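# Examination of the molecular architecture
Take a look at the letters that make up each chain.
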Amino acid sequence: MIFEKVNIGDVSLKNRIIRSATHDGLADENGMPTQRLISKYAYLAKNNVGCIITGYAGVSENGMSPYPAMLKIHKDELVDGYKALTDAVHEYDTPIIAQLAHCGRQTSSKVIGVQKAAPTAMRHLFYWDKAKALEESEIYQIIDDFVFAAVRAKKAGFDGVQLHGGHGYLLHDFMSKYGNRRSDSWGGSLENRCKIVELIIKGIKEKTGNMPVWIKLSAFDNRKNGMNIDESIEIVKRLEQAGLDCVEISCGSVEDGMSTMRSRVMPMDAVFKYKEPCASFPKGLKAFSLKAANLVNPMIKQPVPLENFNVRNAALIKQNVSIPVITVGGIHRLDDMEYIVGSGMADCVSMCRPFICEPNLVTKLMNGSQRQAKCIMCNYCGLVIEKENTKCLYGKINSSD
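What counts, and where the lines are drawn
- Residues numbered from 1 in each chain as written.
- Predicted model: local features only at pLDDT ≥ 70, side-chain atom pairs only at ≥ 80, totals over all residues.
- Heavy atoms only, no water.
- 1 Å grid on protein atoms, 1.4 Å probe; cavity = no way out; pocket = protein on both sides within 12 Å on 5 of 7 lines; lining within 4 Å.
- Points joined across faces, edges and corners; volume = space filled by probe spheres on them.
- Helix = DSSP H or I, 4+ residues; strand = E, 2+ residues; numbered from the N terminus.
- Nonpolar A, V, L, I, M, F, W, Y, C, P; charged D, E, K, R; others polar.
- Buried < 20%, exposed > 50% of the residue type's maximum accessible area, 1.4 Å probe, protein only.
- Contact = heavy atoms within 4.5 Å.
- Polar contact = N/O pair within 3.5 Å; in protein donor to acceptor, adjacent residues only side chain to side chain.
- Pairing = 2+ DSSP bridges.
- Patch = residues over 30% accessible without salt bridge, like charges linked within 9 Å, V, L, I, M, F, W, Y side chains within 5 Å.
- Areas by Shrake-Rupley, 256 points an atom, 1.4 Å probe, with all protein chains shown as cover.
- Salt bridge = Lys/Arg side-chain N within 4 Å of Asp/Glu carboxyl O.
- Axes fitted to C-alpha atoms, helices over the stretch in contact; angles between N-to-C directions.
- Parallel < 35°, antiparallel > 145°, perpendicular 65-115°, else oblique.
- Left-handed = near helix turned anticlockwise from the far one by under 90°.

### Examining the layout of surface pockets
Its boundaries defined by the atoms lining it, the largest pocket holds a volume of some 1000 Å³. If you trace the largest pocket, you find 46 residues lining it, with V254, T260, M261, G382 and I385 closest to the centre. Taken together, the elements giving at least two residues each to the lining of the largest pocket come down to β14 (348-351), α12 (353-357) and α14 (381-384). For the lining of the largest pocket, the residue count by class is 24 nonpolar, 17 polar and five charged.

### Observations concerning the environment of S65
Within the secondary structure, S65 sits in the loop between β5 (57-58) and β6 (71-72). Judged by relative accessible area, S65 falls into the buried class, the value being 6%. Sequence-wise, S65 and Y140 are 75 residues apart; in three dimensions their C-alpha atoms are separated by 21 Å. Setting aside anything within four residues of it in sequence, one finds S65 in contact with Y56, M70, C103, T107 and I112. Side-chain polar atoms of S65 contact the side chain of Y56, separated by 2.7 Å. From its side chain, S65 meets the backbone nitrogen of Y67 in a polar contact 3.0 Å long.

### Description of the pairing of strand β12 (residues 246-250)
Within β12, five of the five residues are buried, which leaves the element mostly enclosed by the surrounding structure. Burial of β12 is two-sided: the residues C246, E248 and S250 facing one way and the residues V247 and I249 facing the other way are all buried. Where strand β11 (residues 213-218) lies against β12, five bridges are found, and the strand directions are parallel. In the strand pairing of β12, I215 is matched with V247. Pairing geometry for β12 and strand β13 (residues 325-328), over three bridges, is parallel. Opposite E248, over in β13, you have I326 as the bridge partner.

### Considering a nonpolar patch on the surface
On the surface, L295, V296, M299 and I300 cluster together into a nonpolar patch covering about 410 Å² of accessible area. Counting through the fold element by element, L295 comes out in helix α9 (residues 283-296). L295 gets classed as exposed once you look at its relative accessible area, which sits at 66%.

### As for the packing of helix α7 (residues 229-242) against helix α10 (residues 311-318)
Across the interface, α7 lies against α10 with an axial gap of 10 Å and an inter-helix angle of 45 degrees. Viewed along their axes, α7 and α10 adopt a mutual orientation that is oblique. Considering only the axes of α7 and α10, their crossing is right-handed. Between α7 and α10, the residues in contact are I229, S232, I233 and V236 and N313, L316 and I317, respectively. Looking at the contact of α7 with α10 residue by residue, the classes come out as five nonpolar, two polar and no charged.

### Description of the environment of N313
Within the secondary structure, N313 sits in helix α10. Looking at N313, the relative accessible area reads 8%, which means it is buried. In the structure, N313 is positioned 84 residues away from I229 in sequence and 6.8 Å away in space, judged by C-alpha atoms. With residues near it in sequence (within four places) discarded, N313 still touches A219, F220, I229 and I249.

In C-alpha cells, the structure reads:
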C-alpha cells in the first residue's frame, strides 16, 4: 500500500512517501534556488519519492531565517528561478509543494537586517533580541505576504503550498497561548488565535483559484500554555472549514531543544563546531569544554520515544477530520511505514533526515535492497545548517577544529 499512488485533494502522488520540508541552504543571495538545489530535488524525484515539500521559503522581509542561503519567495522576480525547479521535478511525474514561512521570534534582527516581529513582544531562548509586537495593520500585511507568495508559487508551477505552522515559527506562535499573549481580536480565544491562518488559507484560495493549501502543525510542544493535542484537534477542524486540504503532523518548537528532531544523545561535536557561542570559543577552551560536555552528555535527558513519535497524534487528528493527514518524525523503517498507512493512522508518511543521508532511499525500499534508512538520527545535520548547506555529517566532523 505504501508504494501505491494516492491523491491528496487535487495533488496526485506517485506513492505515500513524502520528502518533508528541509532547509537545504542552497539558495542564492536573492533567495532563488540554485542549480545545486534543482539537481538535488530532481535526483529525489528520479528516485521515486512520492512528493517533495521544499525547504521553507520566506514570505516577508522581517520573517527570514538566520540560517544562510534560505529560500525566499517574497518578490515577483523570483518566479522564473522557481519555474526551473518545478520543471525539473515534474520531468519525473513528481508533485512539488512550496513551504511558505515567517520565522517570527525564531530569528535574529541583526542577521536579517530588520526588526523581527511576533504576536507578542517576547524574547526567544536561543535568539535573545526581543521581537516587536505586531500592529494589526502589520498582521494584515503578513497575511497578504503569505497570499501573494502562494500566487507566485502557482505562477512558478508548484502543485500546492504548505504553511509552516509548527516548530515555534510565526503561525505556531499565533495559535499557541504561550507565544500569543495578545488581548485584542488576534489573541485569547482559539477562534482569535487561529484567525491569521484562516485568513491566509481563504486568501490563497481566492487569489489562486483554489490552489491546494497544506499546513505543517506542531500538535504539541513543551512550552507552558503551549500547543497540546486537544487544542490541535480543534485547530485542524477550524482550518479544514476554512479550506485546508491536508495537514502534516509534527511536534515541538526550537525552544524545546531536540524535540522535533530526536537523537539518543546530544550531538556535542556538532554543537561545538556549528552552534554559537560554542563554535566561536578559542581552540583551547573549545577542546576543554567539549571534553566536559561529553562527560555529562549521557546524563542529559532526551525526548522519547526516538521513533515514530508523532504517529499517535496524527491518528487522533485523523479520527476528527476529513482531510488527509501526513505524519513525520523518526520514521525510517519500511515495516513501520506500511503499518502506519495500512492501519489508517495516517494517509502518508514524510521524512527529512533519511533523505539527507540517502536521497535515493525510496528506490532502495522499492527494489528490496533495504528495508530501512541508514540514517542513525545523530542530528549532526540539524546543526550544520547554522553555518553551511545541509548534509549528512555522521563520522565526518573533526572535533579538534
